[in-house]
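Listed here are the chains, written in short residue letters.
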Amino acid sequence: MSNSERMGPVNELTLASDASLVVAIARYRQDALAETYRRHAGAVYALARRLLCDHTLAEEVVQEVFLRIWGAPEKFDPERGSLRSYLLAQCHGRSVDLIRSEQSRRDRELKEHRQQAEAGYDIEHEVWDLAVADHVRDAISELPTEERRAIELAYLGGHTYREVATLLGQPEGTVKSRIRAGLRRMRLALVDAGVGGVT
Amino acid sequence: MRAELRHADLEELLGVYALDAVDGEERLAVEQHLPTCARCRAEVEEHREVAALLAHTGAPAPEGLWDRIIEALDDDHGDFSLPPVLPFPTMAPPQPVSTRHRWRTRANAVLLAAAAAVIVVLGVQVEQQDDRLDDMSNLLALDALEQAYQTAESRPGSDVVQLTSFDGQIDAQAVITHDGTGYLRASSLPRLPEGRTYQLWGDAGDQRVSLGSLGRSPEVASFGVSDQFEGLAITEEAEPGVIVSQQPVLAYGPLPQ
């Protein structure tokens, strides 16, 4: 039986906005949580798996993220951003907390090196939706290499900006500024391209 | 102890903060600053929206993960006591269409055809009184069904039907527009346990016609009305609902003739 089958029949929630889903979650509707999971769990899991390089830990993070939205839906404010970015931010923060423990860091670095040797993928292969993939890829490709690498190591590598500075052999202040400038540059490009969710 | 950061210093940290790439005192300083500065909060959210686009959807989440989440959910909110029920009322035979309310003729054929088909899960919203809803009140404006209900309620020619239990402990209100579209607001129905659902019925005298399963804790649902119906009734059933109900009526409201 697939996940979607377990999660019950399709109903009006499949057409509901993310904000409406969270309202329903606030009213203890598990079907709203199920629909939220259906829409976003794949992205949340993929990000956790990418950061943690461990499927068991990644699943724990996904579970924690969805239990958190169930337990405290009021912390999501639709005026401040999309539900996906909120869930991913929760996932990223929790994953980073985990990987910054020394033991998990050692394990992760081993796996990360192995993974890079095998796959060698970069940020341009991480875009999430075919419908916006081209725009996101364009926005990434337009970034100066230094900004792109800094964002890549910080967000998808889970490194602090100080670690990024060490890895790139650049001053900490420079890395900090480049990450901010790169994010702004990407946002402007995505807004120009009319990518939804970026305003 | 690090000297207090200037606003410009904090702004420089917003990008790395949004990516969880800052820790220690700098992270703490940003977290303390954000509640006081709407502009910086907005910038962090903008950065996070961009970062979210960098994440990969990947394949669906692993099998079994959803089951574990469900098992972990706190189910303390299912405790309640249903009020006494009243027997399903005996109805007079349907009257000729010409004497009925104007919205009924148009909706009749559609409804009777639908009655023989599978039960449709209706649009459902929940209106359970709960503290955490207080913080979500700004979102209620987004509820399309609630807006539809209010629009129907204010539309000239709409009828309001009150559904009540025998002891008045539970009630629900329906609005039916001139074209036979109905909206049910089940404001005081207690939350049902896992595996149970409320179901809305059209009372056609000698039979009940399912108008849809309402879920465990409904708020607003839409449905269609036939001129065969004398009233609306709500029962409790096993999920996902039944074609023929053997259960007593929890709440009932006569339709205007």
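Treat the numbers as computed from the prediction; the structure is a model and nothing was measured.

Caption draft 1: Quick peek at the overall build of chain B. Within chain B, the secondary structure is distributed over six helices and eight strands. Going residue by residue from the N terminus, the α and β elements of chain B occur as α-α-α-α-α-α-β-β-β-β-β-β-β-β. By residue count, 50% of the 257 residues in chain B fall in the buried class. Taking as baseline every contact in chain B between residues at least 6 positions apart, the subset at least 24 positions apart corresponds to 66%. Roughly 11,700 Å² of accessible area belongs to chain B as shown, and the carbon and sulfur atoms make up 53% of that amount.

Caption draft 2: Broad picture of the nonpolar core. L33, Y37, F66, I69, Y155 and I179 of chain A together with L19 of chain B are the most contacted members of the largest nonpolar core, which has 78 residues in total. A per-element tally of this core places helix 3 (residues 30-52) of chain A first, with 12 residues. Among residues more than four places away in sequence, those in contact with Y155 of chain A are L47, L51, L88 and H92 of chain A together with L19, A51, A52, L54 and A55 of chain B. With 25 residues, the next largest nonpolar core counts L192, A221, F223 and F229 of chain B among its residues.

Caption draft 3: Representation of the environment of R80 of chain A within the structure. Within the fold, R80 of chain A resides in the loop between helix 4 (55-71) and helix 5 (83-99). Among the residues examined, R80 of chain A registers a relative accessible area of 39% and is labelled partly exposed. Aside from chain neighbours lying at most four places away, what touches R80 of chain A is R41 and E45 of chain B.

Caption draft 4: Region of interest: the confidence of the model for chain B. All names here are of chain B. Here chain B averages 72 in pLDDT, and 69% of its residues register 70 or above. Averaged pLDDT values for the elements of chain B fall to 32 in helix 5 (residues 104-115) and rise to 94 in helix 1 (residues 7-18). Note that residues 137-142 has pLDDT below 50 and, in this model, 10 contacts with residues that lie over four places away or in other chains. Interface scoring of the predicted complex returns ipTM 0.80; its pTM is 0.56.

Caption draft 5: Structural detail: the layout of surface pockets. A volume near 560 Å³ is recorded for the second largest pocket. As for the second largest pocket, its lining consists of 24 residues, of which A89 and Q90 of chain A together with Y17, E45 and R48 of chain B are closest to the centre. Among the elements of the structure, helix 5 of chain A together with helix 2 (24-33) and helix 3 (38-54) of chain B are those that each provide at least two residues to the lining of the second largest pocket. Broken down by element, the lining of the second largest pocket gets its largest block of residues, seven residues, from helix 5 of chain A. Counted by class, the lining of the second largest pocket contains seven nonpolar, five polar and 12 charged residues.

Caption draft 6: The side chain of T160 of chain A, seen in detail. If you trace the backbone, T160 of chain A turns up in the loop between helix 8 (145-156) and helix 9 (161-168). Ignoring any residue separated from it by four or fewer positions in sequence, one finds T160 of chain A in contact with R100 of chain A together with A21 and D23 of chain B.

Caption draft 7: Structural context of helix 4 of chain A. Across its 17 residues, helix 4 of chain A extends 24 Å between first and last C-alpha, which sits within 8% of the 24 Å expected from 1.5 Å per residue. Those residues of helix 4 of chain A that sit buried are A58, E59, V61, V62, Q63, V65, F66, I69 and W70 of chain A. Contact partners of the buried residues in helix 4 of chain A: helix 2 (18-26), helix 3 and helix 5 of chain A together with helix 4 (65-72) of chain B. Structurally, the start of helix 4 of chain A carries an N-cap: the backbone nitrogen of T56 of chain A is 2.8 Å from a side-chain oxygen of D54 of chain A.

Caption draft 8: Representation of empty space enclosed by the protein within the structure. Counted according to the given criterion, the structure contains two cavities of 30 Å³ or more. Taken as a whole, the largest cavity spans an internal volume of roughly 60 Å³. Lining the largest cavity we find S85, L88, A89, H92 and Y155 of chain A together with A18, D20, R48, A51 and A52 of chain B. Mapped by element, the contributors of at least two residues to the lining of the largest cavity are helix 5 of chain A together with helix 3 of chain B. By residue number, the principal contributor to the lining of the largest cavity is helix 5 of chain A, which donates four residues. When grouped by side-chain class, the residues that make up the lining of the largest cavity number six nonpolar, two polar and two charged.

Caption draft 9: Representation of the packing of aromatic side chains. Inspection of every chain in the model, using the stated rule, returns three aromatic pairs over all chains. On the numbers, 4.9 Å between centres and 50 degrees between planes, the contact of Y37 of chain A with W66 of chain B is tilted. Taken together, the residues span two chains, with Y37 of chain A in helix 3 and W66 of chain B in helix 4. In this structure, Y37 of chain A and W66 of chain B share a single accessibility class: buried. Three or more aromatic residues joined by ring pairs make a cluster, and in this case those are Y37 and F66 of chain A together with W66 of chain B.

Caption draft 10: Examining the pattern of salt bridges more closely. Enumeration over the complete set of coordinates arrives at 23 salt bridges over all chains. Residue E64 of chain A pairs with R94 of chain A through a salt bridge whose shortest N-O separation is 3.0 Å. In this pair, E64 of chain A is assigned in helix 4 and R94 of chain A in helix 5, connecting sequence segments 30 residues apart. One salt bridge connects R184 of chain A with E43 of chain B, and the closest N-O pair in it is separated by 3.4 Å. In this pair, R184 of chain A is assigned in helix 10 (residues 172-192) and E43 of chain B in helix 3, connecting two distinct chains. For E43 of chain B, a relative accessible area of 9% corresponds to the buried category. One network of salt bridges, with partners in common, ties together D18, E35, R38 and R39 of chain A.

Caption draft 11: Representation of helix 5 of chain A in the model. Taking 1.5 Å of rise per residue, 17 residues should cover 24 Å, and helix 5 of chain A covers 24 Å from first to last C-alpha, within 8% of that figure. Within helix 5 of chain A, 14 of the 17 residues are buried, which leaves it mostly tucked inside the rest of the structure.

Here is what the cut-offs are and how they apply
Residues numbered from 1 in each chain as written. Chains lettered and ligands numbered in written order. Predicted model: local features only at pLDDT ≥ 70, side-chain atom pairs only at ≥ 80, totals over all residues. Heavy atoms only, no water. Helix = DSSP H or I, 4+ residues; strand = E, 2+ residues; numbered from the N terminus. Buried < 20%, exposed > 50% of the residue type's maximum accessible area, 1.4 Å probe, protein only. Contact = heavy atoms within 4.5 Å. Areas by Shrake-Rupley, 256 points an atom, 1.4 Å probe, with all protein chains shown as cover. Core = buried A, V, L, I, M, F, W, Y, C linked by side-chain atoms within 4.5 Å. pLDDT = per-residue confidence, 0-100. 1 Å grid on protein atoms, 1.4 Å probe; cavity = no way out; pocket = protein on both sides within 12 Å on 5 of 7 lines; lining within 4 Å. Points joined across faces, edges and corners; volume = space filled by probe spheres on them. Nonpolar A, V, L, I, M, F, W, Y, C, P; charged D, E, K, R; others polar. Expected span 1.5 Å × (residues − 1). Polar contact = N/O pair within 3.5 Å; in protein donor to acceptor, adjacent residues only side chain to side chain. Phe/Tyr/Trp six-rings, centres within 6.5 Å; stacked < 30°, edge-to-face > 60°. Salt bridge = Lys/Arg side-chain N within 4 Å of Asp/Glu carboxyl O.

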